[in-house]
Every structure is written in C-alpha cells, then in structure tokens.
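# Residue-level structural notes
The residues making up each chain are set out below.
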Amino acid sequence: MIGYAEALEILLREAPAPQVQRTAPAVGQVLAEAVASPEALPPFDNSAMDGFALRVGPDGASAGAEFDVRGAQAAGDAAAVAGQGAWEIMTGARVPDGLDAVIPVEQVAVLARGADGRPRRIRLNADLPMGQHIRCAGEDVAAGALLLDRGVCLEAAQRMLLSAVGVAEVAAVRPPQLALINTGRELVDDPGQSLASGEIRNSNGPYLAQKIIDAGALLVRRATVGDDADAFRAALRQSLDAGARLLLSTGAVSMGRHDFVPDALRDLGATIHFHKVRIRPGKPLLFATLPDGQLFFGLPGNPVSSAVGMRFFVEPVLRRMLGLPDERPLRLPLAEPYRKRHPLRFHLKASVSVAANGRVLARILPGQESFRIAPMARSNAWIVLGEDIGDLDAGALVDVHGLSHWRGPQLTGN
Ligand code: AMP
Ligand code: MG
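The notes below deal with the structure included here. Keep in mind that what you see is a predicted model, and the values were worked out from it rather than measured.

So, how was this worked out
- Residues numbered from 1 in each chain as written.
- Chains lettered and ligands numbered in written order.
- Predicted model: local features only at pLDDT ≥ 70, side-chain atom pairs only at ≥ 80, totals over all residues.
- Heavy atoms only, no water.
- Helix = DSSP H or I, 4+ residues; strand = E, 2+ residues; numbered from the N terminus.
- Rg over C-alpha atoms; globule rule 2.2 N^0.38 Å.
- Buried < 20%, exposed > 50% of the residue type's maximum accessible area, 1.4 Å probe, protein only.
- Axes fitted to C-alpha atoms, helices over the stretch in contact; angles between N-to-C directions.
- Parallel < 35°, antiparallel > 145°, perpendicular 65-115°, else oblique.
- Left-handed = near helix turned anticlockwise from the far one by under 90°.
- Contact = heavy atoms within 4.5 Å.
- Nonpolar A, V, L, I, M, F, W, Y, C, P; charged D, E, K, R; others polar.
- Pairing = 2+ DSSP bridges.
- Near = heavy atom within 4 Å.
- Polar contact = N/O pair within 3.5 Å; in protein donor to acceptor, adjacent residues only side chain to side chain.
- Areas by Shrake-Rupley, 256 points an atom, 1.4 Å probe, with all protein chains shown as cover.
- Core = buried A, V, L, I, M, F, W, Y, C linked by side-chain atoms within 4.5 Å.
- Domains from an automatic or database assignment.
- Salt bridge = Lys/Arg side-chain N within 4 Å of Asp/Glu carboxyl O.
- Expected span 1.5 Å × (residues − 1).
- Arc of directions from axis to C-beta.

A count of helical and extended segments in the protein chain gives seven helices and 26 strands. The C-alpha atoms of the protein chain give 31 Å as radius of gyration, which overshoots the globular expectation for 414 residues (22 Å, by more than 25%). A principal-axis box enclosing the C-alpha atoms of the protein chain has dimensions of 95 × 50 × 45 Å. For the protein chain, buried positions account for 46% of its 414 residues.

The structure is reproduced here in structure tokens:
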C-alpha cells in the first residue's frame, strides 16, 4: 500500500496541463495569462473633494488669499481650459487644464455670489499646497502596467479592477470538466421519497457536486447507479460523452462482494495507478487513467471518506489543472492533547477558533468515524496528521487545511 506523498506524486504527474480560453472576465475564473492595463486609472486628473480648483504652483497658496471663481466643473464634464482664478469643482470632476490643487469647500469663505447663487469670489481659510486633493491620472494603475498576474482567481475585487480599466476579454483557464457517479443500490436521491428497508439517502452526491463547483470546476454529468457493473459502465460512457476529463465515483471500491469498480475499470482498459492508500479515512481510494487519458477517482462510499478523497486527492489535481500553485497548510497549535493510535495519515474533522485573547487554536472534533456527517457540518477545517506522528500534547503545532482549497490571492510566500 502506498503512502499519501507517493499517491500525490502520481496524481500530479497525471494531471492535465491547464487549457486556455479567451473569454469575458467573470468571477471564479483563474487567469491563464497576466493582464496589462489597457487604460490609466484614474483616466484623468480629477478632484478628490467638493471644493475649488486653483493654480498655486510649487509654493502653494496661503490662507487669506482671495480668488475670483471663473467656472464650474462637475463629474462627467469634458476637459476645460482654465485661465486665471478658481474653478468650483465636484468630487470626480476632471481638473481643468492648468490647475494644480483643490481646496475643500469647508476651507473657503464665499465672499460673493452671482445672481444664480453660485460663488463668484472666495477666500482661502487654509494653506493650499500644490497637488492637494488631486487624484492624478495613472496614480492607481499606469497604462500598460501589470494589472493582474497569471494564476489570479477573479473575485469581486479583481472584477472591479478589470471593469475600472475596460478589460473586455481575458485569457482564463478553462474550468476542468468533471462527472460524478454515486454507486449503491441502497441510495435514494429524492428527498421526498420515504426510505424502504435497507435504503439510505444519497448524501455524497449533493456534497461532492457542490465541492466540485466550489473548487472551480464544472460538473458536466451526475448519475446514481445501483451495484451493477453494466449500469456503472453506461454511466461512465455518458460521462465521457458529456466531455468529462475527470470522473469521480463513490462506493464499490473496497473489498466487498459488490465492489465492482476496479474490475469494471480493468474491463474498460483503464490503468489503475493505485488502489488503497495509507490514510484514514478513505483507505480504499483508487486512481486510474482511462484509455483516452481521462482521470478516474474511485472514492470510497463512506461520506467522510469521499470528502477526504475530494479534498486531498481531487482538489490538488484541480489546482494543477487551474494553474494554481500547490497548497501549503497552516501550522496551528492544538487545543487539546490527541492520542493517535495508528501509523496512517489522518484527516480529521476540525474546528479553528479564535480565543478571547486572540490566539487561534485548532481542535479535533469528537465523532471522527467516517460515517458521521454531523461533526462535518460543525467543522471549519481539516487537521492532517502524517503517518509518522504519534500522540500529541496540547499546544503541538499541526497542519490545518481549509474545507476547500484556497483560490484567492496567494497565501504562500517565503
Ligand atoms: P461502499 O464504499 O460502497 O462500501 O460504501 C461504504 C458505506 O458508505 C456504506 O455504508 C454505504 O451505504 C455508504 N454510502 C455509499 N455511498 C453513499 C452515498 N452516496 N451517500 C451516503 N452514504 C453512502
Ligand atoms: Mg456500496
């Protein structure tokens, strides 16, 4: 039986390279190429305040100085050429050419107004240095500068930045296409159907379908089949026809009489790279490649085993396919001691919490059995303890992984 490190090496070796598509930017996409800014941001010098724009020169202007008001400029007004004197200006308005500082309306006295009520003459109540309250063209992003690097996942902030500089198209990684096949004659999909004797509800299906989407992939086909190799093969064929590059199955991968997945794969000419890994839960996990190169993950049926298979076997492959760097766990202190009795790599339902003193602690939740779903719904992280780790004292540092792989701005550094 191989260990996790060896299994991961095989998985990453077989992971397909990212595929690139040119597309309108959308949240969830990972950039396949860096984006240079087509425009300067801000696109023109503009006022950061409602007030008055002036030409003050390098020496600035002093409190007490008086100016006639020669014009007004609001957000959206086109370029204006300023002569002498002040211009009334609104936040976001283009600074009239020739003016170089803005004084907020709160810092002037209006000495005279026109018939229309507009200020005609003002006095400064504060000194005004050159450049004050002017947002310069390109101050945020220069035209042509690197805007977003490759490997960046677009979320709201990145979408905002792309919108700000008019990027209509990006080179994004094509989301990996996955299919999911849940096996088990005991499974019931319809929540409105009452359970017959011996039946259970399919909980892995909705869980994994959501995790696939959360991971940045596309679920192109989902099926539930009984313990029936023919039905399984048919579902596999339909998944491939739907364009799946990765296939996930749950159940029927252990040593029981109905565990037909390994044989069905061999019949199809698949190469089984490993079957069983020194982990808990999820030991019977199988990984194969199909004759046309698609990747097959046979996840065990127990709910937590299938979750571990998704998080620690499928997601690292998805990261590679998305062009994201490999993950690095957090190291956090354990809140309580833990007796680890088996030399396997453990994946434990965990909670990370912030104590009143601000210290972050990781806790191994009670109820680690692989059939127990309720503790998973209370967890907010996974604690991973390597094969060689034995008993741990409170305060020992342990590896902590998020519930899903992190696609936001990269956390890894030196
Ligand atoms: P198996 O790996 O097929 O031997 O299944 C192991 C255990 O997981 C059995 O108790 C199954 O009933 C249960 N199980 C299998 N598939 C699912 C599923 N999709 N949802 C919930 N439990 C499942
Ligand atoms: Mg089964």
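The rest of the description comes next.
Close contact between helix 3 (residues 204-214) and helix 6 (residues 303-322) brings their axes to 10 Å; oriented N to C, the two are set at 15°. Comparing the axis directions of helix 3 and helix 6 gives the class roughly parallel. The interaxial crossing formed by helix 3 with helix 6 has right-handed handedness. Contacts between helix 3 and helix 6 involve Asn 204, Tyr 207, Leu 208, Lys 211 and Ile 212 on the former and, on the latter, Pro 303, Ser 306, Ala 307 and Met 310. Partitioned by chemical class, the residues of the contact of helix 3 with helix 6 number six nonpolar, two polar and one charged.

Moving on, we get to the sheet that holds strand 9 (residues 119-124). Ordered in space as 7-4-6-5-9-8, the six strands form an open sheet in which the pairing is mixed. Pairing within the sheet leaves two strands with one partner each, and these edge strands are strand 7 (101-104) and strand 8 (108-113). Sheet twist, expressed as the average angle between the axes of neighbouring strands with direction ignored, equals 35°. As paired elements, strand 8 and strand 9 share five bridges and run antiparallel to each other. Among the inter-strand pairings, Val 110 is bridged to a residue of strand 9, identified as Ile 122.

Now for the site of ligand 1. All residues in the neighbourhood of ligand 1 are listed as Thr 183, Glu 186, Leu 187, Ile 200, Arg 201, Asn 202, Ser 203, Asn 204, Gly 251, Ala 252, Gly 301 and Asn 302. Within the contact set of ligand 1, an oxygen atom lies 2.6 Å away from a side-chain nitrogen or oxygen of Glu 186. Here ligand 1 loses 76% of its free accessible area of 480 Å² to cover by the protein chains.

Spatial ordering of the open sheet is given by 16-13-17-21-20-18, a layout of six strands whose pairing is mixed. Taken across any chain shown, the strands that pair with only one partner, and hence form the sheet edges, are strand 16 (218-225) and strand 18 (271-275). Taking the axes of each pair of neighbouring strands and ignoring which way they run, one obtains an average angle of 15° across the sheet. The pairing of strand 20 (residues 286-289) with strand 21 (residues 295-299) spans four bridges and is classified as antiparallel. Pairing of Phe 287 across the sheet is with Phe 297, part of strand 21. In the packing of helix 1 (residues 4-14) onto the sheet, the strands contacted are strand 18, strand 20 and strand 21, and the crossing angle to strand 18 comes to about 150°. Packed on one face of the sheet, helix 3 meets strand 13 (177-183), strand 16, strand 17 (246-250) and strand 21 and runs near 170° to strand 13.

Note on strand geometry: in a regular strand, side chains alternate between the two faces of the sheet. In terms of residue burial, strand 21 counts as a mostly covered element, since five of its five residues are buried. Residues Leu 295, Phe 297 and Leu 299 of strand 21 are buried on one face, and the alternating residues Phe 296 and Gly 298, pointing to the opposite face, are buried as well. Here strand 20 folds back onto strand 21 in antiparallel fashion, the turn holding five residues, of which Gly 293 has a positive phi close to 95°.

A word on the nonpolar core. Core analysis: the biggest nonpolar cluster contains 35 residues, and Leu 246, Leu 248, Phe 274, Phe 297, Phe 313 and Leu 318 have the highest contact counts within it. Tallying contributions element by element places helix 6 first for this core, with 10 residues. Formed jointly, this core draws a minimum of three residues from each of two domains, domain 1 (4-19 + 174-321) and domain 4 (330-413). In this structure, Leu 318 is in contact with Pro 176, Leu 178, Ala 215, Ala 217, Leu 246 and Met 310, ignoring residues within four places of it in sequence.

A full pass over the atoms with the stated rule returns 17 salt bridges. When the shortest N-O distance is used, the salt bridge between Asp 263 and Arg 266 registers 3.3 Å. Linking Asp 263 with Arg 266, this pair stays in helix 5 (residues 261-267), spanning three residues, or about one helical turn. Several salt bridges share partner residues, and in doing so they unite Glu 66, Asp 68, Arg 70 and Arg 121 into one network.

Quick look at helix 4 (residues 229-241) now. Under the 1.5 Å per step criterion, the end-to-end length of helix 4 is 18 Å for 13 residues, consistent within 8% with the ideal 18 Å. Listing the buried residues of helix 4 in full gives Phe 232, Ala 235, Leu 236, Ser 239 and Leu 240. The buried residues of helix 4 occupy an angular sector of 140° when the element is viewed end-on, so they sit on one face. Within helix 4, the exposed residues directed more than 90 degrees away from the buried face are Asp 230 and Asp 241. Against the buried residues of helix 4 lie strand 13, strand 16, strand 17, helix 5 and strand 21. At the exit of helix 4 stands Gly 243, carrying a positive phi of roughly 95°.

Of note, Ala 17 is situated in the loop between helix 1 and strand 1 (20-23). Relative accessible area serves as the criterion here: at 58%, Ala 17 is assigned to the exposed category. Residues Ala 17 and Ala 48 lie 31 residues apart in sequence; the distance between their C-alpha atoms is 46 Å.

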